[in-house]
Amino acid sequence: IEPLQKRARLLDATAKTLGLANVTVLAARAEDAGRGPLRGVADLVTARAVAPLAELLEYTVPFAVLGGFLVLPKGSALEGELAHAHQAMAILGCAHRQTLLMRPAISETVVLACFEKTGETPSTYPRRAGIPGKQPL
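Here we summarise the structure given alongside this text. (Residues numbered from 1 in each chain as written. Predicted model: local features only at pLDDT ≥ 70, side-chain atom pairs only at ≥ 80, totals over all residues. Heavy atoms only, no water.)

Moving on: the overall build of the protein chain. A count of helical and extended segments in the protein chain gives 6 helices and 4 strands. Counting helices and strands in the order they occur from the N terminus, the protein chain gives α-α-β-α-β-α-α-β-β-α. Its C-alpha atoms put the protein chain at 40 × 40 × 30 Å along the principal axes. For the protein chain, with 137 residues in total, the buried portion stands at 36%. Taking the intrachain contacts of the protein chain between residues at least 6 apart in sequence as the baseline, contacts between residues at least 24 apart amount to 66%. Total accessible area on the protein chain stands at roughly 8000 Å², and carbon and sulfur atoms take up 59% of it. (Helix = DSSP H or I, 4+ residues; strand = E, 2+ residues; numbered from the N terminus. Buried < 20%, exposed > 50% of the residue type's maximum accessible area, 1.4 Å probe, protein only. Contact = heavy atoms within 4.5 Å. Areas by Shrake-Rupley, 256 points an atom, 1.4 Å probe, with all protein chains shown as cover.)

As structure tokens, then:
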């Protein structure tokens, strides 16, 4: 899922060039796609570290199946973000399970925050575009 048409076309072309037949690129906002047919279908969800954790969870948790996992890259501020994301985790139905370090050859500051979807996400999430960033859970 990529909201920018130009980047979505690039990702689609790259997947085709690499012969990745099981990759589909959707040019849409996560807030919209998370209320559509992709809701609750993924065993594993990942995303770029594009927002504070509570906001990023609102964008990603709706895509996961119950018992599915989310692996989200985050920077060195993860511990503070986790402390502020407890309410979001409770509302959205997920729990932090572990934090993994990236290989030093990739990054010495990025970690992977791993979550499990432990409950149903209310149908009101994700909220419409712009709201998660302005009014974080």
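This paragraph deals with the nonpolar core. Of all hydrophobic cores here, the largest spans 26 residues; its most connected members are Leu53, Leu57, Leu70, Leu72, Met89, Leu92 and Phe115. When contributions to this core are tallied by element, the ones reaching two or more residues are β1 (42–46), α3 (53–60), β2 (64–74), α4 (78–84), α5 (86–92) and β4 (111–117). Looking at this core, the element that brings in the most residues is α3, giving 5 residues. Once you skip the residues sitting within four places of it in the chain, leucine 57 turns out to touch Pro62, Leu72, Ala85, Met89, Leu92, Cys94 and Phe115. (Core = buried A, V, L, I, M, F, W, Y, C linked by side-chain atoms within 4.5 Å.)

A word on the pattern of salt bridges. Throughout the structure, instances matching the rule amount to 8 salt bridges. Among the ionic pairs, glutamate 2 bridges to arginine 48, the shortest N-O distance being 3.2 Å. Pair noted here: glutamate 2 is in the segment before α1 (5–17) and arginine 48 is in the loop between β1 and α3, with a separation of 46 residues, a long-range link. In this structure, the salt-bridge partner of arginine 97 is glutamate 116, at a minimum N-O distance of 2.9 Å. Here glutamate 116 lies in strand β4 and arginine 97 lies in strand β3 (residues 94–101), a separation of 19 residues in the sequence. Shared partners join several salt bridges into a network, and the residues in it are Glu2, Arg7 and Arg48. (Salt bridge = Lys/Arg side-chain N within 4 Å of Asp/Glu carboxyl O.)

A cluster of nonpolar side chains, Ile1, Leu26, Leu38 and Val41, forms an exposed patch at the surface whose accessible area comes to about 310 Å². Tracing the backbone through its elements, the reader meets leucine 38 in the loop between α2 (30–33) and β1. (Patch = residues over 30% accessible without salt bridge, like charges linked within 9 Å, V, L, I, M, F, W, Y side chains within 5 Å.)

Let us look at the environment of proline 52. Assignment of secondary structure puts proline 52 in the loop between β1 and α3. Taking the C-alpha atoms as reference, proline 52 lies 9.0 Å from leucine 78; in sequence the two are 26 residues apart. If sequence neighbours within four positions are ignored, proline 52 has contacts with Lys74 and Glu81.

Given 3.6 residues per turn, any residue in an α-helix points the same way as the ones three and four places further on. Along its 13 residues, α1 runs 18 Å from first to last C-alpha, staying within 8% of the 18 Å computed at 1.5 Å per residue. Downstream of α1 by one or two residues, glycine 19 has phi in the positive range, about 75°. (Expected span 1.5 Å × (residues − 1).)

Relative to the helices and strands, proline 126 resides in the loop between β4 and α6 (131–134). Taking the relative accessible area as the measure of exposure, proline 126 reaches 1% and is therefore buried. Note: C-alpha distance between proline 126 and lysine 74 (52 residues apart in sequence) is 20 Å. Apart from the residues lying within four places of it in its own chain, the contact partners of proline 126 are Ala30, Glu31, Gly34, Arg35, Arg39, Glu58 and Pro62.

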